[in-house]
Amino acid sequence: MKSAGKTRNNGLYRHIRTSKEIIRNLLNDYHKILRCGKKFWRGVVLFSYSATIGERKKRIGGTGMKWYAIGKTLTPLDRAPESGAAVVLLNSDELAHETALPGLEAVLHHTPSARDAHVCKAEVRSNCLSGTLALPRGRRDGTRLCCGYLVTKDRVVLVDDGEMAEPYLKHIVKEKRLIENSVGRFLYDFFELLIARDLHRLEEIEDRATALEERVLAGELEEFSTPMSELRKETMAWYRYY
């Protein structure tokens with residue numbers, strides 16, 4: 001019985017060490033992403049160009065659709081701009097009923113809905129970049145935070161069914177971050193906010209893995225299947241995300 005228990009604990013210990021190694025690698029990758037982020041998003045700026053915001057004339061889409069002008073800073077609009085770079089935020093139902101939006105007539109059909117967002121991916125085409133974001137963290141009800149997106153030289157479409165993106169947009173507006181008429185600069189700020197607290201979350205998982213490891217080594221853990229499964233599931237979700 002002692003031998004079986006020792007073998008069981010040794011196996012659990014290996015699983016914990018593997019999880020801790022993954023988390024440590026993620027923490028290292030997180031710092032690399034912060035260092036390389038600006039360089040990476042300079043490539044996205046190839047999609048963007050400097051433009052002025054035109055006169056506002058009409059309301060486009062449903063009541064939930066929101067437009068933001070990409071000027072010197074990000075500015076909320078009450079309708080779609082006639083010209084200039086802009087961000088539009090809508091949900092999957094609104095996307096399904098929209099055949100075209102100003103500046104997006106030829107590419108809107110490439111936009112994935114939030115319902116189709118299960119992984120993080122990007123598809124590059126000659127005139128746009130589209131894909132999905134699926135965050136490893138979720139809401140209090142257990143549902144995941146996810147959205148679809150489309151990027152062109154002067155438009156960003158965000159398809160969000162659960163208020164994942166809007167808080168970040170409001171934060172950029174509130175801080176009056178300088179985005180200098182650049183779609184690429186807006187995306188950099190958006191993704192920077194998206195991962196801003198990831199370091200804290202990864203460190204929390206590492207602390208839990210360390211505590212679990214110490215209990216195994218001390219022979220204090222009898223029922224380990226549930227905490228180990230939860231830890232591995234959460235760790236792999238972050239691993240796939242990054």
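A short tour of the structure in this document, coming up. Quick caveat: nothing in here was measured; it's all calculated off a predicted structure.

## A few points about the overall build of the protein
Now for step 1: Per the secondary structure count, the protein includes six helices and seven strands.
Now for step 2: Going residue by residue from the N terminus, the α and β elements of the protein occur as α-β-β-β-α-β-β-β-β-α-α-α-α.
Now for step 3: The 242 residues of the protein split such that 45% are buried.
Now for step 4: Restricting to contacts in the protein with at least 6 residues of sequence separation, those with at least 24 account for 61%.
Now for step 5: Accessible area for the protein stands at about 13500 Å²; split by element, carbon and sulfur atoms hold 51% of it.

## Focus on the pattern of salt bridges
Now for step 1: Counted according to the given criterion, the structure contains twelve salt bridges.
Now for step 2: The shortest N-O distance in the salt bridge between Lys170 and Glu166 comes to 3.8 Å. One end of the pair is Lys170 and the other is Glu166, both in helix α3 (residues 166–175) and four residues apart, which spans about a single turn.
Now for step 3: Residue class for Glu166 comes out buried when judged on its relative accessible area of 12%.
Now for step 4: Across the pair Glu175 and Arg177 runs a salt bridge, and its minimum N-O distance is 2.7 Å.
Now for step 5: Put simply, Glu175, Arg177, Arg185, Asp189 and Glu192 are held in one network by salt bridges that share partners.

## Examining the pairing of strand β3 (residues 86–90)
Now for step 1: Taken across its five residues, β3 has five buried, putting it largely inside the fold.
Now for step 2: Here strand β1 (residues 66–70) pairs with β3 via four bridges, running antiparallel. Looking at β3, one finds that Lys66 is bridged to Leu89.
Now for step 3: Where β3 lies against strand β7 (residues 155–159), five bridges are found, and the strand directions are parallel. Note on β7: the bridge partner recorded for Val88 is Val157.

## Thoughts on helix α4 (residues 183–194)
Now for step 1: Helix length check: α4 (twelve residues) gives 16 Å between terminal C-alpha atoms against 16 Å at 1.5 Å per residue, within 8%.
Now for step 2: Where burial is concerned, most of α4 is hidden: ten out of the twelve residues are buried.
Now for step 3: Near the N-terminus of α4, the side chain that reaches the backbone nitrogen of Gly184, with its oxygen 3.3 Å away, is that of Ser182.

Reading the values: rules and limits
Residues numbered from 1 in each chain as written. Predicted model: local features only at pLDDT ≥ 70, side-chain atom pairs only at ≥ 80, totals over all residues. Heavy atoms only, no water. Helix = DSSP H or I, 4+ residues; strand = E, 2+ residues; numbered from the N terminus. Buried < 20%, exposed > 50% of the residue type's maximum accessible area, 1.4 Å probe, protein only. Contact = heavy atoms within 4.5 Å. Areas by Shrake-Rupley, 256 points an atom, 1.4 Å probe, with all protein chains shown as cover. Salt bridge = Lys/Arg side-chain N within 4 Å of Asp/Glu carboxyl O. Pairing = 2+ DSSP bridges. Expected span 1.5 Å × (residues − 1). Polar contact = N/O pair within 3.5 Å; in protein donor to acceptor, adjacent residues only side chain to side chain.

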